[in-house]
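A look at the structure
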Amino acid sequence: ADSTLVEFVVSPGENASVVSARLADLGLVADPDLLRLYMRYRGLDDDIEAGNFSLNATLTIPALAEALTEARPDEVRVRLWEGWRVEQVADALATQPDLNFNRSEFLSSVAPGGLRPANFSFLADLPSTASLEGFLFPDTYRFLPGTTTAEVFTRFLLEFDTQVTSQMRTDASARGLTLYQVVVLASVVEREAVHDDERPTIASVYLNRLDLGMKLEADPTTQYAVAGPDDWWPPLNLDPRAVDHPYNTYVHDGLPPGPIANPGLSSIRAVIYPAQTDYLFFRARCDGSQYHNFSVTYEQHVAYACP
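Residues numbered from 1 in each chain as written. Predicted model: local features only at pLDDT ≥ 70, side-chain atom pairs only at ≥ 80, totals over all residues. Heavy atoms only, no water.

This brings us to the state of the cysteines. As enumerated under the stated definition, the model contains one disulfide in all. Across the disulfide, Cys286 is cross-linked to Cys306 (sulfur-sulfur distance 2.1 Å). Torsion about the S-S bond of the Cys286 and Cys306 cystine: about -100°, corresponding to left-handed handedness. Placement of Cys286 in the loop between strand S5 (281-284) and strand S6 (292-295) and of Cys306 in the segment after helix H12 (298-303) is noted, with a sequence separation of 20 residues between them. (Disulfide = S-S within 2.5 Å. Helix = DSSP H or I, 4+ residues; strand = E, 2+ residues; numbered from the N terminus.)

This is the structure we're talking about:
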């Protein structure tokens, strides 16, 4: 029998005998009565789903009957959350059986020197050693079933290219920041902030520290340094100064070498349009609100410690 996949659509309200006859017309089943009787016998005739199916003539009657109760979705919805690392993005996509997605192919495309679409101007501005961590734009995506790894990857970059407008890039440049530096810092802001209205203030702290030549001392960069597949954002129960890793901003000056996560639009905007402050420190408030107290002096910062 021919193993070529045939696209087959069941309309709402079609019963087992109609579906069996149509399958026979397509040469997908030799004996439509046998399929209809089998489905009735197994109580599957009421379970035929309307929708899209990929079927072939090698399927046995039981396999065909089973297949008809599991319609393929019209679309595959995937949510990419702000602050995810590329590995988390890859894991989320790998759980979607209706995408034609290959995790290792995706990760090698994202990695430095990976195969990349040529039609995005922002890619030319990245350091040659850069991965595309930070440029997989967080959003809810809808894909057609069977969308390939390369198509998924290109779609994320297209969304980044669309959302981060040329005006934003011009304004960043006027602040003396490359787009890559913006995304690096935005990824840190993304991991530090919980509330959107606080992001521009948190961004101002880091920009102020960079201007003064102070270390960023951002916990998420240490988390990035010590993380592994069991926990991509582990709680820090060690002295961050003890971790020697190029991304750890407690040890190394300036920005980390690359983004530590994929920031959302509000974090990217916060770096380009920060609050105007003199703050150099912030720490979580003690009320569980996930807001922060900001300080100009270290003494004030220490005074805000929770009892």
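Additional details are given in the paragraphs that follow.
With that settled, consider the environment of Leu216. Within the element layout of this structure, Leu216 appears in the loop between helix H9 (199-212) and helix H10 (219-226). Sequence separation of Leu216 and Leu255 is 39 residues, and the distance between their C-alpha atoms is 7.4 Å. If we skip the residues at most four places from it in the chain, Leu216 touches Tyr206, Arg209, Leu210, Thr249, Gly254, Leu255 and Pro256. (Contact = heavy atoms within 4.5 Å.)

Relative orientation and spacing of two packed helices are given, respectively, by the angle between their axes and the distance between those axes. Between H9 and helix H11 (residues 265-272), the shortest axis-to-axis distance is 8 Å and the interhelical angle comes to 50°. By the criterion of interaxial angle, the relationship of H9 to H11 is oblique. For the pair H9 and H11, the crossing hand works out as right-handed. Each of Arg199, Pro200, Ala203 and Leu207 in H9 lies in contact with H11, whose residues at this interface are Ser266, Ser267, Ala270 and Val271. Of the residues contributing to the contact of H9 with H11, the split by class is five nonpolar, two polar and one charged. (Axes fitted to C-alpha atoms, helices over the stretch in contact; angles between N-to-C directions. Parallel < 35°, antiparallel > 145°, perpendicular 65-115°, else oblique. Left-handed = near helix turned anticlockwise from the far one by under 90°. Nonpolar A, V, L, I, M, F, W, Y, C, P; charged D, E, K, R; others polar.)

This part covers the packing of aromatic side chains. This structure, assessed with the given rule, holds 16 aromatic pairs. Centre to centre, the rings of Phe120 and Phe122 are 5.9 Å apart; their planes meet at 35°, and the pair counts as tilted. A single burial state applies to Phe120 and to Phe122, both of which are buried. Both rings, one in Tyr224 and one in Tyr247, keep their centres 4.8 Å apart while their planes meet at 40°; by these two values the pair is tilted. Taken together, the residues Tyr224 in helix H10 and Tyr247 in the loop between H10 and H11 connect sequence positions 23 residues apart. By the burial criterion, Tyr224 is buried, and Tyr247 matches it. For the cation-ring pair, Arg79 lies above Trp81, with the distance from its terminal atom to the ring centre recorded as 3.9 Å. (Phe/Tyr/Trp six-rings, centres within 6.5 Å; stacked < 30°, edge-to-face > 60°. Buried < 20%, exposed > 50% of the residue type's maximum accessible area, 1.4 Å probe, protein only. Lys NZ or Arg CZ within 6 Å of the ring centre and 35° of its normal.)

Moving on to the side chain of Asn56. Mapping Asn56 onto the fold places it in the loop between strand S2 (51-55) and helix H3 (61-67). Side chain to side chain, Asn56 and Thr58 meet in a polar contact 2.4 Å long. Those residues in contact with Asn56 that lie beyond four places of it in its chain are Asp2, Ser3, Thr4, Leu5 and Leu28. (Polar contact = N/O pair within 3.5 Å; in protein donor to acceptor, adjacent residues only side chain to side chain.)

Let's shift gears to unusual backbone geometry. The backbone phi angle of Glu217 is positive, close to 50°, even though this residue is not glycine. Structurally, the position occupied by Glu217 is in the loop between H9 and H10. For Glu217, a relative accessible area of 31% corresponds to the partly exposed category. Positive phi is not limited to glycine here, since Gln290 has a value of about 65°. Among the secondary structure elements, Gln290 is positioned in the loop between S5 and S6.

Phe106, Leu136 and Phe156 are the most contacted members of the largest nonpolar core, which has 63 residues in total. Among the elements that take part in this core, helix H8 (residues 179-192) stands out by supplying nine residues, more than any other. In contact with Leu136, not counting residues within four places along its chain, are Leu80, Val86, Val89, Phe106, Val110, Phe153, Phe156, Leu157 and Asn262. Listed in part, the 19 residues of the second largest apolar core include Val19, Leu23, Tyr38 and Ile61. (Core = buried A, V, L, I, M, F, W, Y, C linked by side-chain atoms within 4.5 Å.)

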